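# Architecture and fold: a report
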Amino acid sequence: MKKAHSIKLISLAAIVLLFAACSKSFVDIDPQGVFAADTYYKDQQQAFTGLVATYDIMRKNSGGFENMITFMNAGSDDNYAGGGGESDGVGIQSFSNHTVNAETMPGSYWGDHYQGIFRANTLLQKLPNTQMDENLKARFVGEAKALRAIYYFNLVRMFKNIPLILEPVETSDIYNIKQTSSDSIYNQIEKDLTEAIPALPATVPLPTEGGRITKVAAEAMLGKVYIYDNKPQLAVPLLADVNGSTPGQPNAYGNSLLTNFKDLWVFTNKFNSESILEVTHSNQVFLGDWSLWGSSSDESNTVDQMVGPRSYTRLSPDAPDIYPAGWSFNVFTQDFYDAIKNDPRFSATVFDAKALEDAGLITYVYGYQNTGYFLNKFIPMPSDKATVGSAELNFQGDSYVIRLADTYLLEAEALGASGPRAQALLDAVRARVGLPSVPVSMNAIKNERRFELAGEGHRFFDLVRWGDAATKLANRGFTAGKSEILPIPASELKGTLLVQNPGYE
Amino acid sequence: MSKNDCKLCGLILLLLLTSLGSFAQQIVTGMVRGANDSLPVVAATVTVKGTNIATVSDIKGNFTITVPSGKHLLVVSSVGFTDVEVDPSSGNLNVLLSESTTSLNDVVVVGYGTQKKSVVTGAISSVKAKDLENVPSSGRIEQALQGRVSGVTIAQNAGQPGSNATIRVRGITTFDDAGNNPLWVIDGIVVDAGGIGYINQSDIESIEVLKDATSAAIYGTRAASGVILVTTKKGRAGKISFSYNGLYGTSAPAKKLDLLNATEYATLMNERSVAGGGDIVYSDPASLGNGTDWQAQIFNDDARRSDNEFSISGGGDKSTFYLSFGLLNQQGIVSTDISQYDRKNIRLNSTHKINKFFTFGETVGYAHAKSIGLGNTNSEYGGPLSSAINLDPITPLIETDSAVLKQAPYLNNAVILAPNGYPYGISTIVGQEMSNPKAYEQTRLGNYNWSDDFVGNAYLEIKPTQNITIRSSIGGKLAYWGSQGFTPVYYLSPTINVTQNNLSRNSNKVFYWNIENTIQYSKIIDDHNFSILLGQGAYVDNIGGSSTVTVFNLPVNNYQDASFNFPSTQANRTDGVSDFTEHKISSLFGRVNYNYKEKYLFTGIIRRDGSTRFGSNNKFGNFPSASVGWVASREDFWPTNKVVNTFKLRGGYGKVGNDGGIPDFSYTPLVVGGYNYTIGNGGTILTGYAPKTLANPDLHWEETTQADVGFDAQVLTNFTLTVDVYNKKTSGILRPVPIPLYVGVSDQPAANIADMENRGLEIELGYHKRIGQVDLGINGNVSFLKNEVTYVNSDADFIDGGAGFQSMGTVTRIQVGQSFNSFYGYKTMGIFQTQADVNAYVNKDGGLIQPNAKPGDFRWADLNGDGTISEDDKTFLGSNIPKETFGLTVTAAYKGFDVMIFGQGAAGNKIFQGLRRLDIANANYQTKALDRWAGPGTSNDFPRLTSSDDNGNFQKMSDFYLESGDYLRLKLLQLGYTFNNNFLSRIGCTKLRLYVTGENLVTLTNYTGYDPEIGGGVFGIDKGYYPQARSFLVGAQIQF
């Protein structure tokens, strides 16, 4: 009896030990639904997913609450931040009155662009070992470099003093990174775009590849970069190729100004002939999950949602039928209204809720800094509202990064605002909206850019580039020598070697 | 329950009953009486020691029991009396029970076994069935624990029926909210905290809270935040008994906020507008009268609640069983139509003795719960509470003015109609997420959450000799839960409306299982008592997945008719499916208990755990502990006196671990999908893949070491006193770590990043005495706690806290030297009464410190003395963690009557009172805004109202928003009557008690929100917490 029990005990102990011996494998499990990083990017298909991830950050232009367009508009003299109240978006509000500081600066304008750079760097590091068609690989490399350049261009214009990172950062190096001069950033941007241009296709099939970077898009961006880098002579030939030999006529790639200015803002007009590079959006996300808003899996256009009037209610069928539940951001200033009032682009640019309300045709809830003048370029029509899912998260209108009217005016500027070519470029932009020719001058180009590109996020950068910011934004709290660039977000200064921008220390 | 289920249960019952056989050796009879009063003791348990053979005394105290042949002792026990052992050989027994004055003879459940309380060396608090049986059930057992044990802080997560509570054992152990939940072990099954709702309160035999590392170390992993052991009732051999516990009652809000009425609102809005440079908004505020009291529309003063719990138990000398059912229904006090909880559950526990060596048993529980929730609680983004607080009082509840109804926004076909046929009022003053709560209720009807939980375990116990116990158990939990909801086409406001209806269903399934094998060897050699336990365990959880489908544009527009059976096209359907990530732990553990004459005590424990959350180099962690005790009162030199009757000193030190708080696979580099972009003009979304974050192969176990010293004493015969002091240190806290954004990864990498310490003192004092015919009991406990972050592995010495508030962003900070997530913001120094005050607030250069301030604005403290107000002037403003918590229970019984008073409270914490939406300019105010600054001398703490708050009076995080969270609450007041035996015997009853109870009758607090008791991982930020109800209940307890 005793013996039998001992045997039982021993065998039980053996089972216990056996289990323990196996326990190492018992607590090893493989991740599901993801890939090991060291073996990924092995073929063309995987490399392409890496390229898509690099494009993802293009959404920053118009996707999510913290998008480039509404933010940059808010800091210009043409728009206020607006919104629901004085604290509706501390970042955008504090940039609008130029009290932004390291704490209120939304980190995403810095971090999201660096995410794009990280993904480009990762792809560029991995592509040499990818098994795929070499021509296609060259195009992928070109696109990754062009995207990296575009992200750095936004960063250097916003923050000026930034780190130049061209490879994925090793864990051990995280806190050893320093800023570099803006000259070397511009050099890298120009190098990347220059190398990208020959590898990129002249055109792409729009149904399947619309939105991917073409040769002409990279040229246009490089031309613009040269102007910001004060190298207009280098910009001229690039922009001339983009704009074509005869302003107003199609270029070699089929691009031309749209006949009707307002058609630029019809959401179905994706990849129109005037579009050189645009950010794509989709209504097919169906997101009802606000926690994903503005993230990598949010593909909607949030500018559309942000700029409409609040609780817009039509009292008469004669009132315009617009999407009624906007958030009243980026209302135009009275000064801008007075300036553009008689321009043919007025009605496409400004939604004059004040006039409609005065006429008794509508009511709406006044937002913060309400002027009654809304940014009509982005106000969606009810037809753009998603048929399923959350309307706020499913606007599909694309946004322009650069369009032909912009490059026309940039080339005219690069030409020193003089000469017949500059005159012809300016005239073409004006003629499209039925305006007569005016003598070309820097002042004429500045005015034209203001009206033509109003509310598209360019004005603040233009003012800074022209040296006009301090005067034009004097009544908005702008401090010369400081407010030209934004503060580096506080999170980036914690424990790093980064130095805060002047005036924000 | 369906008819078939009933049949099945009946069958199981029948099987159990037929298996109960017995063959008698000796029939023993006796009588049990109280030693003091010689009155019969009813329902005393008489057990043949070392067997399952037992019976209970009848109403005259008589019992009859069959004792097997051989030498046996009988153990006679009854609640409130000290156990007595008698030799049955004398035949007819006369047993006298003395009332117990001490709990030191109690047995407590420890991990993998039980121990006499007198030889326990760890800090364990115990709550027995008798402590709980009079507490009205709310369906959540953690609520029954609140205020009853020291060192355990319990706060309701919401007044929403069915909500769980937040439990913290000895403070916050780690940074991750879920990681701070104690480990729940129910009948040996490790269950997640969210899933303990399946137990009837009256099924509980005991609850033990293992507070120190020494007690908890046997559970190694996940035991860092304490362990709560729940033991459910088992059947006892003897006659079959039936018991019923039921209650029924009504609940109402204990407090409403004082909000502005329409006239006051219009007056203040005019003032606000003019101060900001605008015009008068309302020309005649007085004409608006009181307006709409939105709170009155959402609160229900008669929310019903009922709970019915039945159990049948009994058995013979081979098998015993305990079978119970519960039916709970509770209505919420806020928008009752969309705030309800309903639960049905069943449990079967049984044990079977196969022969002398083998025993097996099982516990099986099933619960079905259905809960209807408001949609938003503690959220500023809409929902009835948030809307009622923020909506203007001018908008009518129901719009009947025909002129108004001819205009927008009432022209929309989908406006919600009140029962009288007129539309519910739509505010054109306060927009955004706020909407008429009565209309909102209508849009959420038919939305509910459901869950089905199956929990069970089975064990086999082998006792090859008297000294050895081998036990194998297998446990599992299978949980299904999900939600279903229909959203009709509706129009609540121009902002909140839906033009396509949808029907949505979310389903989740998860399976947990574990196996544990233990072998225990006990031996007594002379005065040396040894017990050695060796064990092995394997735990697997989170096997399962989730799926959601939503169908749009159904051909019907009400939830009653909505069905997934309507055909739908792919374009009208969205879905999402995901797998959960399995998590496994493998363990080996051992324990040695030793005592000499029950005088010198020692316990040593070691556990080794491996987890799937760590890489190969750090997969395993070792968690040892040791503790000693000295029962000084057993020493010969201990004077026999009536001052200190018994005294036990104990101390221990040990280490436990935690692998939570980080994503799975943080140790290895991964490329994940979801970095998407749209390419092509069809709007097609392509999936992008990229590295998610930086891998950290050096991740290792988070460790919590704890030193505990305490004593248990019985003083002056009637007092029991337990005191513990402890120091608990958590090091290597696991958390995603913020790294510079320029690295460019979308997710933060995981790391062991910080250390934290909790120091505390706990006192439990009990008093029990029979004075004449009054039986008086008092139990009080108080706990003091100090939490401090001691190290942060970052080049800056702080981490941004996890708690944000609206547009202010983060309002807490985790910093060395401060308690976890302390409030961080500006300090106010009164209000500028005049421009002269503004001009006098100058820096050392004579410049104005607040050049833009106006009279009526806050004077901010320039804490860094640089002459300007900037981020650097922010400081720590207090903590949301109470420094003291306390509870007091007083019971008294006189003849058949009994009364219970139970109060609990907390002190020393701050609450962020954030009920008003900052970014809605026209949101309503509480009446304290009437005392705003409105001219020199009017207020020094509530600033002026202005639409252009340039000074940031309301926008800046400051002490203005923080209020003391101190409270003392009369939680329960109960009066009961137990009918006398003569009456009962006529109706064949062994017990009948009726009672009336009031819950949450009085709360003493200065807090201006609804309720100072705020649980959950919200760091004391009140954005409109669903308040707890005040309830009046009647109940009955019956036993046959």
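Residues numbered from 1 in each chain as written. Chains lettered and ligands numbered in written order. Predicted model: local features only at pLDDT ≥ 70, side-chain atom pairs only at ≥ 80, totals over all residues. Heavy atoms only, no water.

Ranked by internal contacts, the top residues of the largest apolar core, which has 190 residues, are M58, M158, I189 and I213 of chain A together with F912 of chain B. Sorting elements by how many residues they give to this core places helix 6 (residues 134-159) of chain A first, with 13 residues. Not counting residues up to four positions away in its chain, the partners in contact with M158 of chain A are M68, F71, M72, M105, Y109, F461, I485 and L486 of chain A. In this structure, V307, F346, L375 and I379 of chain A belong to the second largest nonpolar core, which totals 25 residues. (Core = buried A, V, L, I, M, F, W, Y, C linked by side-chain atoms within 4.5 Å. Buried < 20%, exposed > 50% of the residue type's maximum accessible area, 1.4 Å probe, protein only. Helix = DSSP H or I, 4+ residues; strand = E, 2+ residues; numbered from the N terminus. Contact = heavy atoms within 4.5 Å.)

On to the packing of aromatic side chains, then. On inspection of all chains with the given rule, the structure shows 64 aromatic pairs over all chains. For the ring pair W110 of chain A and F159 of chain A, a centre distance of 5.1 Å and an interplane angle of 80° mean the geometry is edge-to-face. Highlighted residues: W110 of chain A in helix 5 (residues 108-126) and F159 of chain A in helix 6, separated in sequence by 49 residues. One aromatic cluster is present, formed by F805, F823, Y826, F858, W860, F912, F942, F954, F960 and Y961 of chain B through successive ring pairs. Over the ring of F798 of chain B we find R813 of chain B, and its NZ or CZ is 3.5 Å from the ring centre. Against the face of Y841 of chain B rests R859 of chain B, its NZ or CZ located 5.0 Å from the ring centre. (Phe/Tyr/Trp six-rings, centres within 6.5 Å; stacked < 30°, edge-to-face > 60°. Lys NZ or Arg CZ within 6 Å of the ring centre and 35° of its normal.)

A few words now on the pairing of strand 7 (residues 93-97) of chain B. Residue and element names in this part refer to chain B. Burial along strand 7 is one-sided: L93, V95 and L97 are buried, and none of N94 and L96, which face the opposite way, are. Sheet topology note: the strand 1 (residues 26-34)/strand 7 ladder contains five bridges and is parallel. Within strand 7, the residue paired with M31 across the bridge is N94. (Pairing = 2+ DSSP bridges.)

Time to look at the pattern of salt bridges. One pass over the structure, following the stated rule, counts 80 salt bridges over all chains. The shortest N-O distance in the salt bridge between E452 of chain A and R345 of chain A comes to 2.8 Å. With E452 of chain A in helix 17 (residues 442-452) and R345 of chain A in the loop between helix 12 (334-340) and helix 13 (346-349), this residue pair connects regions lying 107 residues apart in the sequence. An identical accessibility class is assigned to E452 of chain A and R345 of chain A; each is buried. Put simply, E788 of chain B and R759 of chain B hold a salt bridge, and the shortest N to O gap is 3.5 Å. Residue E788 of chain B is located in strand 40 (residues 774-792), and its partner R759 of chain B is located in strand 39 (residues 750-771); the two are separated by 29 residues in the primary sequence. (Salt bridge = Lys/Arg side-chain N within 4 Å of Asp/Glu carboxyl O.)

Residues and elements named next belong to chain B. A residue-level look at chain B finds 95% of positions with pLDDT of 70 or above and a mean pLDDT of 87. Confidence drops under pLDDT 50 across residues 1-24; counting only partners more than four residues distant or on other chains, this segment forms 22 contacts. Scoring the predicted complex yields pTM 0.84 and, for the interface, ipTM 0.93. (pLDDT = per-residue confidence, 0-100.)

Residue and element names in this part refer to chain B. Taken in spatial order, the four strands make up an open sheet running 41-44-45-48, and their pairing is antiparallel. Each edge of the open sheet is held by one strand with a lone partner, namely strand 41 (798-800) and strand 48 (875-878). The mean angle between the axes of side-by-side strands here comes to 45°, regardless of whether they run parallel or antiparallel. Summarising the sheet, strand 41 and strand 44 (residues 812-815) pair through three bridges and their orientation is antiparallel. Bridge assignment links I799 to a residue of strand 44, and that residue is I814. (Axes fitted to C-alpha atoms, helices over the stretch in contact; angles between N-to-C directions.)

The next point concerns the side chain of N517 of chain B. The residue N517 of chain B is located in strand 26 (residues 502-525) in this model. Of note is the side chain of N517 of chain B, whose polar atom sits 2.3 Å from the side chain of S472 of chain B. (Polar contact = N/O pair within 3.5 Å; in protein donor to acceptor, adjacent residues only side chain to side chain.)

This part is about the environment of G116 of chain A. Residue and element names in this part refer to chain A. For G116, the location among the structural elements is in helix 5. Overall, the relative accessible area of 0% leaves G116 in the buried class. For the pair G116 and A405, spaced 289 residues apart in the sequence, the C-alpha separation amounts to 27 Å. Excluding its chain neighbours within four sequence positions, the residues that come into contact with G116 are T54, I57 and Y151.

Residues and elements named next belong to chain B. Spatial strand order, 3-2-5-6: four strands in an open sheet with antiparallel pairing. Edge positions in the sheet fall to strand 3 (54-56) and strand 6 (84-86), since each has one partner strand and no second. Neighbour-to-neighbour, the strand axes of this sheet turn through a mean angle of 20°, independent of strand direction. Looking at chain direction, strand 5 (residues 74-77) and strand 6 are connected through three bridges and run antiparallel. Directly across from V75, in strand 6, lies its bridge partner E85.

On to the environment of T790 of chain B, then. Residue and element names in this part refer to chain B. With respect to the helices, strands and loops of the structure, T790 is situated in strand 40. In this structure T790 comes out as partly exposed when scored by relative accessible area, which is 33%. For the pair formed by T790 and A223, sequence separation is 567 residues and the distance between their alpha carbons is 21 Å. Beyond its immediate chain neighbours, meaning those up to four positions away, T790 contacts D755, M756, E757 and V816.

A few words on the pairing of strand 17 (residues 238-253) of chain B. As judged from the 12 bridges shared by strand 17 of chain B and strand 18 (residues 303-315) of chain B, these two strands associate in the antiparallel manner. Its bridge partner lying in strand 18 of chain B, N245 of chain B is registered against E309 of chain B.

For the rest of this paragraph, the subject is unusual backbone geometry. Of note, the phi angle at A417 of chain A is positive, near 60°, even though the residue is not glycine. Positionally, A417 of chain A belongs in the loop between helix 15 (404-414) and helix 16 (420-432). One non-glycine residue, E598 of chain B, adopts positive backbone phi at about 55°. Among the structural elements, E598 of chain B can be located in the loop between strand 29 (583-596) and strand 30 (600-611).

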